[in-house]
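Listed here are the chains, written in short residue letters.
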Protein chains: 2
Amino acid sequence: MSANSRLTIAAHALTWIGLYQRRGHEVATSEQIATSVNTNPVVIRRLLAKLGKAGLAGSRRGAGAGWMLARDLAAITLLDVHQAIEPGPVFALHRATPNPECVVGHGIGPAMTAVYDGVEAALRRELAKTTLEDVLRDVLQAA
Amino acid sequence: MSANSRLTIAAHALTWIGLYQRRGHEVATSEQIATSVNTNPVVIRRLLAKLGKAGLAGSRRGAGAGWMLARDLAAITLLDVHQAIEPGPVFALHRATPNPECVVGHGIGPAMTAVYDGVEAALRRELAKTTLEDVLRDVLQAA
DNA sequence: GCAGTCGTAACGACTATTGTTACGACTGAA
DNA sequence: TTCAGTCGTAACAATAGTCGTTACGACTGC
C-alpha cells in the first residue's frame, strides 16, 4: 500500500500547536489545525488522541476547548512522534508460511527478521536526531 | 499499509536459486521456487522479471527453461535487491497539499522531506551491510 | 442551560498488494 | 517439425490499509 502520511500530519499538527502557543494562545482547536493541514478535523483529533496517550499533547474539553503541547517542541523528537502513532513494520515477512520442509523456507524467516530489526533500529536512530524545534526552525527559515 | 513482503520473497527466491545451483543444477523453475515460498509461480516470475532487469538474475526460455543467478550470492546485497524491486517511500507527505498561506503549511513539506531522505539513506546503508551469502549462511546455520 | 469542542464509532472511496487464471512466445528434444 | 515445458505478461478478484466524512454523545466555561 501506499506509505502512510501519519508521521507527516502528526509533526505538522504538533509544530502548528507549538507555534500557535508561542504566539500567545493557550489552546488550538482541531479545526484550526485541520485548516493548515488541509484535511478533516476528525483526522486531526484521531491522531492527537494517540499523541495524547503517548504524553506528547494534552486536550482541554468543554467550551474554549482545544489542544496544547505536553512538552516543549525541543523536547519532542520525531522518534517520539513515530512511536506514538504505532507504526507498522517497514518490511513484512511472507504472507503465507513458507514451506518448512525446505531448508530455505525454514530458515529464511529468522534470517530476514534479524535484518529487518537492524533496519528499524537504524530508522529509529535517524528519527531521534530531529526534534520538532528543528522542524519549526526549518519551516520558519523556508518562509 | 500493510508493509510489503516483496523484499522477503525476492531474497528467498534468489537464495533458493543460489543454493540449488550450488547443488549442481543449472536452472530453477518458478514452480520449484514457488513451492518453497508457498505462493503462486506467477508471483515469483513477476518478481524475478524485475530482478532480471536489474541484472541480478537471468532466465532461459523454452524447454528446460528456468532461472539462474547473474552474480554470486556474495556479490548481491539486500540493497541491490531492494532497489531492484522499486520500493515506494517509507513515509509519505500530505495526501492533499497543505494550506500554503500558513507558515507551517508552506514550509513543512521540504522540512519533512529532508528528514525522510535521511531515513531512507540510513535504511539503504543498513540493507547494504547484508549479502545474500550472509542470508544463506544464517539459513543453513538455523537448520 | 447552552454553545463549542473533544472522543470515537461507523461507513465509504480509493489504492496497493497478492493470488489466480489465461494465453501467447520461445526452445530443447523426440 | 511437432510438442511439451516454461517464461512473460495482462487481466481480474480478494483483501486490507488509509483517509475523509458524517454522526453523536460527553464535557465544561460562560
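What comes next concerns the included structure. (Residues numbered from 1 in each chain as written. Chains lettered and ligands numbered in written order. Predicted model: local features only at pLDDT ≥ 70, side-chain atom pairs only at ≥ 80, totals over all residues. Heavy atoms only, no water.)

### Focus on unusual backbone geometry
Residue and element names in this part refer to chain A.
Right, so step 1: The backbone of Glu86 shows a phi angle near 50°, a positive value even though the residue is not glycine.
Right, so step 2: Checked against the element boundaries, Glu86 lands in the loop between helix H4 (78–84) and helix H5 (103–128).
Right, so step 3: With relative accessibility at 54%, the residue Glu86 sits in the exposed group. (Helix = DSSP H or I, 4+ residues; strand = E, 2+ residues; numbered from the N terminus. Buried < 20%, exposed > 50% of the residue type's maximum accessible area, 1.4 Å probe, protein only.)

### Side note on the interface of chain A and chain B
Right, so step 1: In this complex, chain A contributes 55 residues to the contact, which on the side of chain B involves 55 residues.
Right, so step 2: Together, the buried faces of chain A and chain B total about 4400 Å²; carbon and sulfur atoms form 72% of this surface.
Right, so step 3: Looking only at chain A, the three residues that lose the most surface to chain B are Thr8(A), Val103(A) and Val104(A), adding up to 12% of its buried area.
Right, so step 4: Where chain A packs against chain B, one counts zero salt bridges.
Right, so step 5: Viewed at the interface, chain B and chain A are joined by 12 residue pairs in polar contact (both at pLDDT 80 or more).
Right, so step 6: Counting residues per element, the ones that place at least two in the side of chain A that touches chain B are helix H1 (6–22), helix H2 (30–37), H4, H5 and helix H6 (132–142) of chain A. (Contact = heavy atoms within 4.5 Å. Buried area = accessible area lost by both parts, 1.4 Å probe. Salt bridge = Lys/Arg side-chain N within 4 Å of Asp/Glu carboxyl O. Polar contact = N/O pair within 3.5 Å; in protein donor to acceptor, adjacent residues only side chain to side chain.)

### With respect to the protein's contact with DNA strand C
Right, so step 1: The local shell around DNA strand C holds 27 residues, among which Ser30(A), Ser59(A), Gly62(A), Trp67(A) and Ser5(B) are the closest.
Right, so step 2: Backbone atoms, meaning sugar and phosphate, form 60% of the atoms of DNA strand C found within 4 Å of the protein.
Right, so step 3: In this structure, a phosphate oxygen belonging to DNA strand C sits 3.4 Å away from a side-chain N or O atom of Trp67(A).
Right, so step 4: Ala63(B) places a main-chain nitrogen or oxygen 3.0 Å from a base oxygen of DNA strand C.
Right, so step 5: Among the elements of the structure, helix H3 (41–53) and strand E2 (66–69) of chain A together with helix H3 (41–53) of chain B are those that each provide at least two residues to the surface near DNA strand C.
Right, so step 6: Grouping the constituent residues of the surface near DNA strand C by class yields eight nonpolar, 11 polar and eight charged. (Near = heavy atom within 4 Å. Nonpolar A, V, L, I, M, F, W, Y, C, P; charged D, E, K, R; others polar.)

### Regarding the packing of H5(A) against helix H5 (residues 103–128) of chain B
Right, so step 1: Taken N-terminus to C-terminus, the directions of H5(A) and H5(B) make an angle of 150°; their axes are 9 Å apart at the nearest point. Comparing the axis directions of H5(A) and H5(B) gives the class roughly antiparallel. Between H5(A) and H5(B) lies a crossing whose hand is right-handed. Contact residues: H5(A) offers Val115(A), Gly118(A), Val119(A), Ala122(A), Leu123(A), Arg125(A), Glu126(A) and Leu127(A), while H5(B) offers Val115(B), Gly118(B), Val119(B), Ala122(B), Leu123(B), Arg125(B), Glu126(B) and Leu127(B).
Right, so step 2: Classifying every residue of the contact of H5(A) with H5(B) gives 10 nonpolar, two polar and four charged. (Axes fitted to C-alpha atoms, helices over the stretch in contact; angles between N-to-C directions. Parallel < 35°, antiparallel > 145°, perpendicular 65-115°, else oblique. Left-handed = near helix turned anticlockwise from the far one by under 90°.)

### Describing the environment of Lys129(B)
Residue and element names in this part refer to chain B.
Right, so step 1: Within the secondary structure, Lys129 sits in the loop between H5 and helix H6 (132–142).
Right, so step 2: Overall, the relative accessible area of 57% leaves Lys129 in the exposed class.
Right, so step 3: Put simply, Lys129 and Leu93 are 36 residues apart on the chain and 28 Å apart in space, counted from C-alpha to C-alpha.

### Considerations on the relation of the copies chain A and chain B
Right, so step 1: You can overlay chain A on chain B at an RMSD of 0.0 Å; the transform is a turn of 180° with a shift of 0.0 Å along its axis. As the rotation angle and translation indicate, the two copies are arranged about a two-fold axis.
Right, so step 2: When you check the interface residues of chain A against chain B, 100% turn up at the interface there too, and the contact is symmetric in its surfaces. (Least-squares fit on C-alpha atoms with pLDDT ≥ 70 in both.)

### Some words on the side chain of His94(A)
Right, so step 1: Along the chain, His94(A) falls in the loop between H4 and H5.
Right, so step 2: Given the relative accessible area of 13%, His94(A) is considered buried.
Right, so step 3: Engagement of the side chain of His94(A) in a polar contact is seen with the side chain of His12(B), the distance being 2.8 Å.
Right, so step 4: Excluding its chain neighbours within four sequence positions, the residues that come into contact with His94(A) are Ile108(A), Thr8(B), Ile9(B), His12(B) and Val37(B).

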